[in-house]
Amino acid sequence: MAKSLFQKVWDAHTVRTLANGQTQLLIGTHLIHEVTSPQAFGMLRDLGLKVAMPHRTFATVDHIVPTDQRTEPFSDPLADEMIKTLRRNCAEHGITYFDLNSGRQGIVHMVGPEQGITQPGTTIACGDSHTSTHGAFGAVALGIGTTQIRDVLATQTIALGRLKVRRINVTGRLAPGVYAKDVILHLIRVLGVNGGTGYAYEYGGEVFDRFSMEERMTVCNMSIEGGARVGYVNPDETTFAYLKGRPYVPKGAAWDEAVARWRAVASDPGCTYDDVVTIRGEDIPPTVTWGINPGQGISIAENIPAPADAKSPDERASIEEALAYMKLQPGAPLKGTKIDVAFLGSCTNARLSDFKEVARHLKGRRVAPGVKAIAVPGSQIVSQVCAELGIDRVFRDAGFEWREAGCSMCLAMNPDKLVGDQLCASSSNRNFKGRQGSPTGRTLLMSPVMVAAAAVTGAVADAREVFGVTP
Amino acid sequence: MSLQKITHVSGRGVHVAGNDIDTDRIIPARFLKCVTFDGLGAGLFADDRKAAGAAGGVHPLDDPRFRGAAILLSGANFGCGSSREHAPQAIMKFGFRAVVAESYAEIFFGNATNLGLPCVSAAREDIQKVAAAVAADPALELTVDLVAKQLRYGSAAVPLQLRESARDALVNGRWDAIAELLEGSASVQAVSARLPYLQARF
Ligand code: SF4
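Below: a short report on this structure. For clarity, every value in this text was computed on a predicted model and none was experimentally measured. Numbers given to residues run from 1 along each chain, matching the order in which its sequence is written. Ligands are numbered from 1 and chains lettered from A, in the order in which they are written. Per-residue local features are limited, in this predicted model, to residues with pLDDT of at least 70; the limit for side-chain atom pairs, both in listing and counting, is 80 or more; totals at the level of whole chains, interfaces and linings are taken over all residues. As a rule here, side-chain values cover all heavy atoms of the structure and leave hydrogens and water aside.

Because an α-helix completes one turn every 3.6 residues, residues spaced three or four positions apart along the sequence face the same direction. Residues and elements named next belong to chain A. The end-to-end C-alpha distance of helix H6 (residues 180-191) is 16 Å, a good match for the 16 Å that 12 residues give at a rise of 1.5 Å each. Taking burial as the measure, the 12 residues of H6 include 9 buried ones, the bulk of the element. Burial classification: accessible surface area is computed with a 1.4 Å probe over protein chains only, and a residue below 20% of its type maximum counts as buried, one above 50% as exposed, and the rest as partly exposed. Secondary structure is summarised from DSSP: a helix means a run of H or I of at least four residues, a strand means a run of E of at least two, and numbering begins at the N terminus for each. Taken together, the buried positions of H6 are Ala180, Lys181, Asp182, Val183, Ile184, Leu185, His186, Leu187 and Ile188. Gly192, located one to two residues past H6, shows a positive phi value of around 95°. Between the first and last residue of a helix there are one fewer steps than residues, each counted as 1.5 Å, and that sum is the expected span.

So this is what it looks like as structure tokens:
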């Protein structure tokens with residue numbers, strides 16, 4: 001019988017059915033970081049248990065690391081305690097840890113792919129909801145809570161109910177100046193922030209066939225913002241080409257065997273899905289959020305919604321709440337709204353291709369006066385390659401602050417924060433109230449190139465106009 | 001390991017209205033700078049509570065009439081956003097022992113269930129009825145009954161929904177899966193032996 005990738009991976013990793021009907025699912029790869037793991041190690045210690053598969057557990061530090069000065073101890077004693085705790089736990093349990101001095105540290109969802117730890121046909125868990133990123137490689141990758149981190153540490157398994165699978169086809173082509181970020185913002189706008197509850201999203205169609213791995217990661221990353229715990233793309237030649245030669249990928253004859261297995265794990269033609277959605281690539285505009293959840297997005301050409309536009313009392317209430325928090329005028333264009341901060345970073349959009357694409361447009365331009373612009377590579381490897389290619393210079397010359405790798409202002413558990421009600425053009429994934437570190441701070445989600453357009457003009461702008469991209 | 005069988009939760013209620021209440025609101029990121037979950041209760045809805053105060057109002061959690069409530073009532077897609085278990089932990093540390101909302105985000109729901117915090121669903125009109133009754137009489141005793149799948153208040157009752165796997169785990173005292181997962185370790189070895197990527201050594 002024809003099966004989807006999700007079904008194949010689920011079946012191959014099923015240990016048994018538990019008394020409550022859930023599945024005991026084997027987790028092949030466990031990624032950990034400093035924020036959600038310390039309590040799990042504490043629980044493990046309380047139960048007198050050991051890490052079941054230390055060789056399948058990988059750690060890095062990302063959320064709390066300062067991105068400006070990195071000498072330890074950090075000025076924030078809590079952050080300092082967290083990194084020391086992670087280091088101690090990894091050493092005690094024999095876990096591979098990509099520390100600040102490794103040259104391989106970075107946001108956990110970037111480190112896995114860069115090292116070749118993230119592979120097709122595997123199950124991956126991490127105590128972080130954007131673990132869905134790794135699905136770009138054809139893995140079933142799940143965000144889990146701390147108690148489940150303990151479960152994976154102790155047993156290499158979790159208890160989980162099976163998900164349904166929704167196939168999302170994006171057909172045709174994207175218009176010039178439209179990016180992977182626009183695809184996912186548009187999808188969430190169309191399907192809703194909780195449209196994916198209970199589903200794994202399988203992305204496909206010509207647009208995904210042509211996408212690079214980095215573009216696929218951007219989309220899979222934000223699956224959770226649409227309520228889907230898992231998002232994935234079937235592995236193909238693009239996937240294999242990306243993985244070849246990376247440190248944790250098999251070599252020689254083992255590589256050929258691995259590729260054969262990876263090919264076979266892709267969804268079979270004719271397999272059935274619980275739901276199918278098709279979107280024309282041509283219909284996707286550059287999309288910007290104006291509200292307080294990632295589904296509240298509009299095309300850059302549209303006006304900010306008014307409560308009267310709402311199709312339901314619920315929607316009306318959420319528009320009103322969002323307008324009040326965002327201090328935006330209903331019915332006004334979003335384009336032209338002055339910004340205070342431009343943030344280019346996060347596990348959604350802080351990869352080499354993001355900085356390359358922005359640098360192409362940024363060359364010879366200046367950040368508008370009064371705008372604080374920061375660029376934060378997602379990993380030390382990205383940072384190093386950008387330095388080799390002179391990309392960091394382009395950003396610095398334009399007036400961006402160029403920082404060290406970490407989560408930075410995506411959630412501001414480090415010194416990078418909005419102040420007061422600053423409005424931030426951001427390449428990150430969440431525009432929740434208070435997300436960027438100020439309880440009244442405001443976030444507009446958009447693609448990296450749109451962030452750059454906002455940075456140089458000082459206001460929300462259509463990057464195609466600013467940078468002369470013709471349709 | 002024997003766990004408490006959670007069949008009923010009784011106590012007073014409080015209504016925190018709104019849909020899509022995300023985990024950043026439930027527990028803002030700055031409270032995540034910790035290596036234990038102790039003390040998280042103080043951070044529950046911290047920014048919302050402060051904003052309500054600054055606007056000259058009072059957040060329901062700070063309203064003395066609802067102090068000591070054990071049952072949190074809310075809207076749709078409760079707990080969306082991050083996987084931080086700090087969110088259900090903060091709710092529990094604050095003193096809640098059950099949540100009644102229209103629906104939940106997946107990861108939040110799983111995290112809460114694993115901690116023995118029942119997250120039951122009810123229809124919007126029903127939650128509104130209960131919320132109105134609580135507002136009229138904050139001392140009103142509510143009972144979330146996981147056996148009868150009912151929320152009782154005063155002489156009235158409304159139906160509750162709860163995914164069967166979660167209900168089973170709570171009422172039979174196996175909401176913390178660790179003991180059962182450990183029992184499966186022989187099968188784990190067998191399944192992992194069939195997966196080539198788990199055999200690789202670096
Ligand atoms: S970059 Fe943002 S979303 Fe990604 S892991 Fe870090 S904090 Fe989470």
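Turning to the environment of Glu321 of chain A, a few remarks are in order. Summarising the element assignment, Glu321 of chain A is placed in helix H11 (residues 313-326). For the pair Glu321 of chain A and Ala264 of chain A, spaced 57 residues apart in sequence, the C-alpha separation works out to 48 Å. Note on contacts: a residue pair is in contact if any heavy atoms of the two residues lie within 4.5 Å. Dropping the residues within four chain positions of it, Glu321 of chain A is found in contact with Ile292 and Lys433 of chain A together with Arg25 of chain B. Here the side chain of Glu321 of chain A touches Lys433 of chain A through a polar contact of 2.8 Å, side chain to side chain. What qualifies as a polar contact is a pair of N or O atoms within 3.5 Å, subject to a donor-acceptor requirement within protein and to the restriction that residues adjacent in sequence count only when both atoms come from side chains.

In this section: the nonpolar core. For soluble globular proteins, the rule of thumb is that nonpolar side chains tend to be buried together. Residues enter a nonpolar core if they are buried and are Ala, Val, Leu, Ile, Met, Phe, Trp, Tyr or Cys, with the set joined through side-chain atoms within 4.5 Å. Core analysis: the biggest nonpolar cluster contains 158 residues, and Phe355 and Phe395 of chain A together with Phe78, Ile91, Val100 and Val144 of chain B have the highest contact counts within it. A total of 8 residues in this core trace back to one element, the largest contributor, which is helix H15 (residues 448-457) of chain A. Of the domains in this structure, domain 1 (5-275) and domain 2 (289-466) of chain A are the two that each give at least three residues to this core. Residues Phe211, Phe240, Tyr242 and Val277 of chain A belong to the second largest nonpolar core, which totals 37 residues. These domain boundaries are the output of an automatic or database domain assignment.

With that settled, the discussion passes to the site of the ligand. Residue and element names in this part refer to chain A. We define proximity as follows: a residue is near a molecule or strand when any one of its heavy atoms falls within 4 Å of that partner. Surveying the vicinity of the ligand reveals the residues His63, Ile107, His109, Asp128, His130, Ser346, Cys347, Cys407, Cys410, Leu411, Asn429 and Arg435. The definitions used throughout rest on a 1 Å grid laid over the protein atoms alone, on which a cavity is an enclosed set of points accommodating a 1.4 Å probe that cannot get out and a pocket is an open set flanked by protein within 12 Å on both sides along at least five of seven lines; lining residues are those having an atom within 4 Å of a point. Should more than half of a molecule's atoms lie within 2 Å of a pocket's or cavity's grid points, that molecule is taken to sit in it. Most atoms of the ligand, that is more than half of them, are within 2 Å of grid points of the largest cavity. Here the term charged refers only to Asp, Glu, Lys and Arg, the term nonpolar to Ala, Val, Leu, Ile, Met, Phe, Trp, Tyr, Cys and Pro, and the term polar to all other amino acids, Gly among them. Among the residues making up the shell around the ligand, the classes are represented as 5 nonpolar, 5 polar and 2 charged. When residues of the shell around the ligand are assigned to domains, at least three fall in each of domain 1 (5-275) and domain 2 (289-466).

Attention shifts here to the sheet that holds strand E3 (residues 29-32) of chain A. Residues and elements named next belong to chain A. Reading across from one edge, E5-E4-E3-E6-E7 is the order of the 5 strands in this open sheet, with parallel pairing throughout. The sheet terminates laterally at strand E5 (96-98) and strand E7 (140-143), the two strands that pair on one side only. Adjacent strand axes in the sheet meet at a mean angle of 20° when their direction is disregarded. In the sheet, E3 pairs with strand E4 (residues 57-60) via 3 bridges, with the strands oriented parallel. Its bridge partner being in E4, Leu31 is matched across the sheet by Phe58. Strand pairing is defined by DSSP finding a minimum of two bridges between the two strands. Angles run from 0 to 180 degrees between N-to-C directions of axes, and those axes are lines fitted to C-alpha atoms, restricted for helices to the stretch in contact.

Here the focus is the side chain of Ser132 of chain A. Residues and elements named next belong to chain A. Along the chain, the position of Ser132 falls in the loop between strand E6 (123-126) and E7. Relative accessible area serves as the criterion here: at 0%, Ser132 is assigned to the buried category. In this structure, Ser132 is in contact with Ala141, Cys220, Asn221, Ser223, Ile224, Arg229 and Gly231, ignoring residues within four places of it in sequence.

Turning our attention to the layout of surface pockets. Grid points are joined across faces, edges and corners, and a volume is the space filled by probe spheres set on the points. Its volume calculated, the largest pocket comes out at about 900 Å³. For the largest pocket, the lining is made up of 40 residues, of which Gln296, Asp314, Glu315 and Ser318 of chain A together with Asp20 of chain B are closest to its centre. Only H6, strand E14 (297-299) and H11 of chain A together with helix H5 (124-136) of chain B provide two or more residues apiece to the lining of the largest pocket. A per-element tally of the lining of the largest pocket places H11 of chain A first, with 6 residues. Of the residues in the lining of the largest pocket, the class split is 12 nonpolar, 15 polar and 13 charged.

This part takes up the interface of chain B and chain A. With 51 residues of chain B in contact, the opposing surface of chain A contributes 71 residues. As a working definition, buried area equals the accessible area (1.4 Å probe) given up by two parts on being put together, with both sides summed. Per-residue buried area on chain B facing chain A is highest for Lys33, Leu181 and Tyr197 of chain B; these three make up 15% of the total on that side. Criterion for a salt bridge: a side-chain nitrogen of Lys or Arg within 4 Å of a carboxyl oxygen of Asp or Glu. Along the contact surface separating chain B from chain A lie 5 salt bridges. Counting across the chain B and chain A interface gives 22 residue pairs in polar contact (both at pLDDT 80 or more). Of all the secondary structure elements, the ones that give two or more residues to the side of chain B that touches chain A are helix H1 (23-26), helix H4 (106-114), helix H6 (164-171), helix H7 (178-183) and helix H8 (185-193) of chain B. When residues in the side of chain B that touches chain A are grouped by element, the largest group, 5 residues, is from H7 of chain B. Grouping the constituent residues of the side of chain B that touches chain A by class yields 22 nonpolar, 13 polar and 16 charged.

It is worth spelling out the pairing of E7 of chain A at this point. Residue and element names in this part refer to chain A. Along E7, one buried face is formed by Val140 and Leu142 and the opposite face, lined by Ala141 and Gly143, is buried too. Here E6 pairs with E7 via 4 bridges, running parallel. Across the sheet, the residue bridging to Thr123 is Val140, located in E7.

Residues and elements named next belong to chain A. Here the structure, examined in full by the defined rule, presents 6 cavities of 30 Å³ or more. Volume-wise, the largest cavity comes out at about 240 Å³. Lining the largest cavity are 24 residues, and of these His63, Asp128, His130, Leu411 and Arg435 sit closest to its centre. The residue inventory of the lining of the largest cavity, partitioned by class, reads 8 nonpolar, 11 polar and 5 charged.

Each pair of packed helices gets described by two things: the angle between the helix axes and the distance between those axes. Residue and element names in this part refer to chain A. Closest axis-to-axis distance for the helix H2 (residues 38-46)/helix H3 (residues 77-93) pair is 10 Å, and the angle between their directions is 45°. Our classification of the angle between H2 and H3 gives oblique. When you trace H2 past H3, the crossing you get is left-handed. Contacts between H2 and H3 pair Pro38, Phe41, Leu44 and Arg45 from the former with Thr85, Asn89, Glu92 and His93 from the latter. Counted by class, the contact of H2 with H3 contains 3 nonpolar, 3 polar and 2 charged residues. Oblique is the label for any angle not covered by the other classes, which are roughly parallel (under 35 degrees), roughly antiparallel (over 145) and roughly perpendicular (65 to 115). When the near helix sits turned anticlockwise from the far one by under a right angle, the crossing is termed left-handed; a clockwise turn instead gives a right-handed crossing.

Another point: the packing of helix H3 (residues 86-94) of chain B against H4 of chain B. Residue and element names in this part refer to chain B. Two numbers describe how H3 lies on H4: the axes approach to 8 Å, and their chain directions differ by 50°. By the angle between their directions, the pair H3 and H4 is classed as oblique. By crossing handedness, the relation of H3 to H4 is classed as right-handed. For the pair H3 and H4, contact is made by Ala87, Pro88 and Ile91 and by Phe108, Asn111 and Ala112, respectively. Here the residues of the contact of H3 with H4 sort into 5 nonpolar, 1 polar and no charged.

All names here are of chain A. Covered by surrounding structure in strand E15 (residues 341-344) are Val341 and Phe343 together with Ala342 and Leu344, the residues of both alternating faces. Across 4 bridges, the pairing between E15 and strand E16 (residues 372-375) is parallel. Residue pairing across strands places Ala342 opposite Ala373, the latter belonging to E16. Viewed with both strands pointing away, a crossover whose connecting path from the first strand over the helix to the second turns clockwise is right-handed. For the crossover that starts at E15, traverses helix H12 (residues 352-362) and ends in the parallel E16, the hand is right-handed. Of the strand pairs in this sheet, E15 and strand E18 (residues 423-426) are connected by 3 bridges, and their pairing is parallel. Paired with Phe343 across the strands is Ser426, a residue of E18.

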